[in-house]
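Read off the chains here:
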Amino acid sequence: HGNDTVLKRMGRMSSQALIREKVAKLRAAMPDIAIRTTLIVGFPGESEEEFADLMQFVQDMRFDRLGVFSYSQEEGTPAAQMPNQIDDEIREERRKIIMDIQRSIAASLCEQEVGKELEVLIEGKLPEEAVFCGRTRRDAPEIDGLVFVSSEEELYSGDFVTVKIREAGDYDLMGDVVYGNESAE
């Protein structure tokens, strides 16, 4: 979460200020770092104001990758006994709101990759097309977006290729393999 009061209720030993400070230090030290995290929405007692604080936190932080889960009341946990459990519909609505914010952030970050050359690990090919799919070093397999790669030559899973990005989606990138000294153009 990104609200200090909710973090305390969760038993976390962190704060929004500490998270912001750590992320800023990481980004200063490694400008190309990919910051990924997960959040829980709808934790017992999460007020509209606390949720609004979380929304602003997500907008400000611009995480490269973000997963959002709705709180799930699990028997035997301290949180399951807390008062002010949030209704399922509200939890799911809040999850969707945060994911919509993140989708916009992700699309903006993908758009910044257009025109760049990225190293891509090929992981497969689309059936009946000369389009391959892979990922950059910033992307976790089966979780993050893909890079769809057009190539004049056959590529194989495990190949590393340089790809010039020509288009961006919300989470995915599209590009073409760079051959020889094309990158010098």
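Scroll up for the structure.
Only a predicted model underlies this, so the values are computations on that prediction, with no experimental measurement involved.

Conventions and cut-offs
- The residue numbers shown here count from 1 along each chain, following its written sequence.
- Since the coordinates come from a predicted model, pLDDT governs what is reported: local features require at least 70, and pairs of side-chain atoms require 80 or more to be given and counted, while whole-chain, interface and lining totals use all residues.
- The basis for the side-chain values is all heavy atoms of the structure; hydrogens and waters are excluded.
- The axes are straight lines fitted to the C-alpha atoms, using for helices just the contacting stretch, and the angles between their N-to-C directions are given from 0 to 180°.
- Numbering of helices and strands runs from the N terminus; a helix is a DSSP stretch of H or I covering at least four residues, while a strand is a stretch of E covering at least two.
- Just so you know how the angles are binned, under 35 degrees is roughly parallel, over 145 roughly antiparallel, 65 to 115 roughly perpendicular, and the rest oblique.
- Each crossing gets its hand from how the near helix is turned against the far one by less than a right angle, where anticlockwise is left-handed and clockwise is right-handed.
- Contacts are assigned to residue pairs that have any heavy atoms within 4.5 Å of one another.
- Gly counts as polar in this scheme, as do all residues outside two lists: the nonpolar Ala, Val, Leu, Ile, Met, Phe, Trp, Tyr, Cys and Pro, and the charged Asp, Glu, Lys and Arg.
- Residue exposure (1.4 Å probe, protein chains only): buried if accessible area is under 20% of the type maximum, exposed if over 50%, otherwise partly exposed.
- Under the rule applied, a polar contact is a pair of N or O atoms within 3.5 Å (in protein, one hydrogen donor and one hydrogen acceptor; residues adjacent in sequence only if both atoms are side-chain atoms).

Looking now at the packing of helix α3 (residues 48–61) against helix α4 (residues 88–111). In helix packing, the relevant descriptors are the interaxial angle and the interaxial distance, both defined with respect to the helix axes. It is at 10 Å that the axes of α3 and α4 come closest, and there the two elements cross at 15 degrees. When the interaxial angle is binned, α3 and α4 end up roughly parallel. Our pair here, α3 against α4, has a crossing hand that is right-handed. Residue-level contacts link E48, F51, L54, M55, V58 and Q59 of α3 to R94, I97, I98, I101, Q102 and I105 of α4. Looking at the contact of α3 with α4 residue by residue, the class counts come to eight nonpolar, two polar and two charged.

A word on the environment of R135. Positionally, R135 belongs in strand β4 (residues 131–135). Judged by its relative accessible area of 19%, R135 is buried. For the pair R135 and E119, spaced 16 residues apart in the sequence, the C-alpha separation amounts to 8.4 Å. Apart from the residues within four sequence positions on either side, R135 is in contact with E119, V120, L121, E123, A140, P141 and V147. Looking at R135, its side chain comes within polar contact range of the main-chain oxygen of D139, at 3.2 Å.

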